[in-house]
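Spelled out, the chains give:
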Amino acid sequence: MARIYSRWFHVLLLLAWLVIGISLRLTNLSGKSPWTDEFSTLVFSLGNSFLGVPLDQVITIDTLLQPLKPNPEAGVRDVLSHLFNESNHPPIYFVLTHLWLQLFPTNAGLVSVWAARLLAAIFGGLSIPAIFGLCWLAFRSRLISHLAAAIMAVSPFGIFLAQEARHYTLAILWVIATLACLTITIRHIHNRTQLPIHIALCWLIVNALGIATHYFFAFTLCAEVFVLMFTIWKEWRNKNTVVDKGSFNFLNYLFGSPWKRIYAVALGTFMAGLVWVPIFINNSYGDDLTDWIQGERVGFAWISPIFQAIAAWITMISLLPVEASQLSVVIASGLVMIIFFIWLIPILIRRYILLLSSPNKLIIQALSSFILGAIILFFIFTYFLGIDLTRGARYNFVYFPAVMVLLGAILAAIWDTKSAEKIRWGVTGKQAVAIILLMGLISSITVVCNLGYQKYYRPDLFMKLIEKTSQNPVLIATTQKTHVQIGETIGVAREFKLEYLNKNLNRNLNQNPKFLLAHQDKDRKVPTITLQNTLKILSRPVDLWLVNFHAPVEVNNCVADNRALQTIDGYDYKLFHCE
């Protein structure tokens, strides 16, 4: 009877973590405006293209929003065609989203952002029982499994990823799955037993699906190679160990059980990755789409990746409202987080050192080398290849689950501290765990309320600024190189359309904002000429908003508005009044 009670208790407790995690991920799911990457997911998943948006001419809101309108004739083939020709991502998540969106109605004739984000939120919720299973597989400890699931449920970083219509939460599930296969493999290496064929096949399939979901999954695989190399190094260091009453032969070890099947998995994974190389290389937009993480290292840029990386690591545990509009809230949040981590870090370090000498040290060392390997790769790309991966916090998905598992093990060690023992500042072990989880819960609410991990673009605020500032008809002009700039402008057009519908406004068409996407190539003057020619034929008066306009500004008979207007994330603008 006691065993049945215990079993149901653990099932219900895991269900509680799942309910908390899903509830947080669904809260305010559509309340934040989508940004350019999400528009890419929406457009390509519908089987639509950005190439149909007219360039170098004045267009209306409805024309600009055409890519967000579901096309009943579009199928999976259209998804693949447009994705491969216009983007630099593999297709699995976009195909799944294409099928998923067919289950939901439109919003004002446009694809539902809530529906698209719901799929990512569901995958994010599934990571909670998945991380529980990984911990159980690795440690056979319900305490570690529950604490890892709990910290995953309230991790602000995890919730940030789960509330975006992007592929990161699905990729996290593949990371958890491949780590599960790696854990089993590590045990077979340690015991020098053959890796079961079904585990090898499962590992190969998971790796292939991971690469087909996000190319950066390759960093996860490279980090796993780092773990295996670390394992080989340990064996070489202990090569004088007596095995089966005979001397240890290193070459026989490398080509014995279970290494042959590990090599087969590695070869199969490599072949699965090669499939995507021609598509990635032939993509004409690849370099333009990754410009934002490339650049020269000058001055502060040499050390900024270090701080960017640390900020991302911190937000896996805690993120208070440091992006609130009130300065006092920002300062108070920053101080509380500093105090919290001054208290927490010594506790984590001490318990981590104890774990290195515990019965679970084999898995702890494997997880540690995995995380370290991924971080080293990030900094190699950042400092030696000029690709600053630390600028995109979301890219840390490649090792995020391993951090959650390691945290679960450390929290379990803290929890097991004797009840009378104060581990730091008069706090007991169980109280410390409760404080850490409470901080995670508050931090997750911060993300949900858009006070932390705010969207990179705020078209909602920009739309309100235009409505408040302009009394004349509006022309919003931007330079266009890829679909990123189209997405920036689509965000503004969508906000205007939804605002008019919500307020039931029957506005004169002349009062609706118009848009100009001036195509930009190597000649930076071309958009300037396009804008000048447009202004010559445009009816006046008109308010000209130059938004992210990366070309020389030469406007005819237009006066710059020199008022100190609001700063809007993602929209660098200038206002001109053309009378």
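Since the model is a prediction, treat every value here as computed from it, not as a measurement.

Asks: Describe the packing of aromatic side chains, and please don't skip the residues or the numbers.
Replies: Scanning the entire structure with this criterion turns up 28 aromatic pairs. Geometrically, the ring pair formed by tyrosine 168 and phenylalanine 397 is tilted, given 5.6 Å between the ring centres and 50° between the ring planes. Here tyrosine 168, found in helix H9 (residues 168–191), pairs with phenylalanine 397, found in the loop between helix H18 (361–383) and helix H19 (400–415); they are 229 residues apart in sequence, far enough to count as distant. Residue phenylalanine 397 is classed as buried on the basis of its relative accessible area, which comes to 0%. Counting every residue linked through ring pairs, the aromatic cluster contains Trp35, Tyr456, Tyr457, Phe462, Trp545, Tyr571 and Tyr573.

Asks: Residues and numbers for empty space enclosed by the protein, please.
Replies: Inspection of the entire model under this criterion finds 4 cavities of 30 Å³ or more. Of the volumes computed, that of the largest cavity is approximately 50 Å³. Considering the residues around the largest cavity, the lining is formed by Leu179, Leu182, Thr183, Ile186, Ile363, Ala366, Leu367 and Phe370. Listing elements by their share of the lining of the largest cavity, those giving two or more residues are H9 and H18. For the lining of the largest cavity, the residue count by class is 7 nonpolar, 1 polar and no charged.

Asks: Now, about the side chain of threonine 269: what can you tell me, with residues and values included?
Replies: Mapped onto the elements of the fold, threonine 269 is located in helix H13 (residues 259–274). Judged by relative accessible area, threonine 269 falls into the buried class, the value being 8%. Dropping the residues within four chain positions of it, threonine 269 is found in contact with Leu204, Asn207, Ile211 and Leu221.

Asks: Help me get a handle on the environment of leucine 126, residues and values and all.
Replies: Among the structural elements, leucine 126 can be located in helix H6 (residues 113–139). Each C-alpha atom, one on leucine 126 and one on isoleucine 172, is 9.8 Å from the other, the two residues being 46 residues apart in sequence.

Asks: Any details on the pattern of salt bridges? Residues and values, ideally.
Replies: Enumeration according to the criterion identifies 10 salt bridges in this entry. Residues joined by salt bridges that share partners form a network here, namely Glu38, Arg117, Glu164 and Lys455.

Asks: Report on the state of the cysteines, specifying residues and quantitative values.
Replies: Scanning the entire structure with this criterion turns up 1 disulfide. Paired by a disulfide, cysteine 558 and cysteine 578 hold their sulfur atoms 2.0 Å apart. What sets the handedness of the cysteine 558 and cysteine 578 disulfide is the S-S torsion sign, and at about 110° it is right-handed. Taken as a pair, cysteine 558 in strand S7 (residues 558–560) and cysteine 578 in strand S8 (residues 573–578) lie far apart in primary sequence, 20 residues in all. Looking at the unpaired cysteine 222, the closest cysteine sulfur is the one in cysteine 181, lying at 17 Å.

Asks: How would you summarise H19 if you had to cite specific residues and measurements?
Replies: Owing to its 3.6 residues per turn, the α-helix brings residues three or four apart onto one side. Compared with the 22 Å implied by 1.5 Å per residue over 16 residues, the 22 Å span of H19 between its first and last C-alpha is a close match. For H19, the buried fraction is high: 14 of the 16 residues fall into the buried class.

Asks: Could you give an account of the pairing of strand S4 (residues 474–480), with specific residues and numbers?
Replies: The two faces of the sheet receive side chains in turn, since in a regular strand these alternate between them. Counting buried positions over the 7 residues of S4 gives 7, a clear majority of the element. Burial along S4 is two-sided: the residues Val474, Ile476, Thr478 and Gln480 and Leu475, Ala477 and Thr479 are all buried. Across 4 bridges, the pairing between S4 and strand S6 (residues 542–547) is parallel. For alanine 477, the partnering residue across the bridge sits in S6 and is leucine 546. Pairing of S4 with strand S5 (residues 514–519) involves 6 bridges; the strand directions are parallel. Bridge assignment links isoleucine 476 to a residue of S5, and that residue is phenylalanine 515.

Asks: If you had to explain the packing of helix H11 (residues 217–237) against H18 to someone new, which residues and values would you point to?
Replies: Between H11 and H18, whose axes approach to 8 Å, the crossing angle comes to 125°. With respect to H18, the element H11 is oriented oblique. Seen from above, H11 lies across H18 with right-handed handedness. Along the contact surface, H11 presents Phe219, Thr220, Cys222, Ala223, Glu224, Phe226, Val227, Phe230 and Lys234, while H18 presents Leu362, Gln365, Ala366, Ser369, Phe370, Gly373, Ala374, Ile376, Leu377, Phe378 and Phe381. Class assignment for the residues of the contact of H11 with H18 results in 14 nonpolar, 4 polar and 2 charged.

Asks: Describe a nonpolar patch on the surface, listing the residues and the values that go with them.
Replies: On the surface, Leu267, Phe270, Met271, Leu274, Val277, Phe280 and Ile281 cluster together into a nonpolar patch covering about 700 Å² of accessible area. Counting only elements with at least two residues in the nonpolar patch, the list comes to H13 and helix H14 (277–282). Sort the elements by how many residues they give to the nonpolar patch and H13 lands first, with 4 residues. Among the secondary structure elements, phenylalanine 270 is positioned in helix H13. A relative accessible area of 52% places phenylalanine 270 in the exposed class.

Reading the values: the criteria
Residues numbered from 1 in each chain as written. Predicted model: local features only at pLDDT ≥ 70, side-chain atom pairs only at ≥ 80, totals over all residues. Heavy atoms only, no water. Phe/Tyr/Trp six-rings, centres within 6.5 Å; stacked < 30°, edge-to-face > 60°. Helix = DSSP H or I, 4+ residues; strand = E, 2+ residues; numbered from the N terminus. Buried < 20%, exposed > 50% of the residue type's maximum accessible area, 1.4 Å probe, protein only. 1 Å grid on protein atoms, 1.4 Å probe; cavity = no way out; pocket = protein on both sides within 12 Å on 5 of 7 lines; lining within 4 Å. Points joined across faces, edges and corners; volume = space filled by probe spheres on them. Nonpolar A, V, L, I, M, F, W, Y, C, P; charged D, E, K, R; others polar. Contact = heavy atoms within 4.5 Å. Salt bridge = Lys/Arg side-chain N within 4 Å of Asp/Glu carboxyl O. Disulfide = S-S within 2.5 Å. Expected span 1.5 Å × (residues − 1). Pairing = 2+ DSSP bridges. Axes fitted to C-alpha atoms, helices over the stretch in contact; angles between N-to-C directions. Parallel < 35°, antiparallel > 145°, perpendicular 65-115°, else oblique. Left-handed = near helix turned anticlockwise from the far one by under 90°. Patch = residues over 30% accessible without salt bridge, like charges linked within 9 Å, V, L, I, M, F, W, Y side chains within 5 Å. Areas by Shrake-Rupley, 256 points an atom, 1.4 Å probe, with all protein chains shown as cover.

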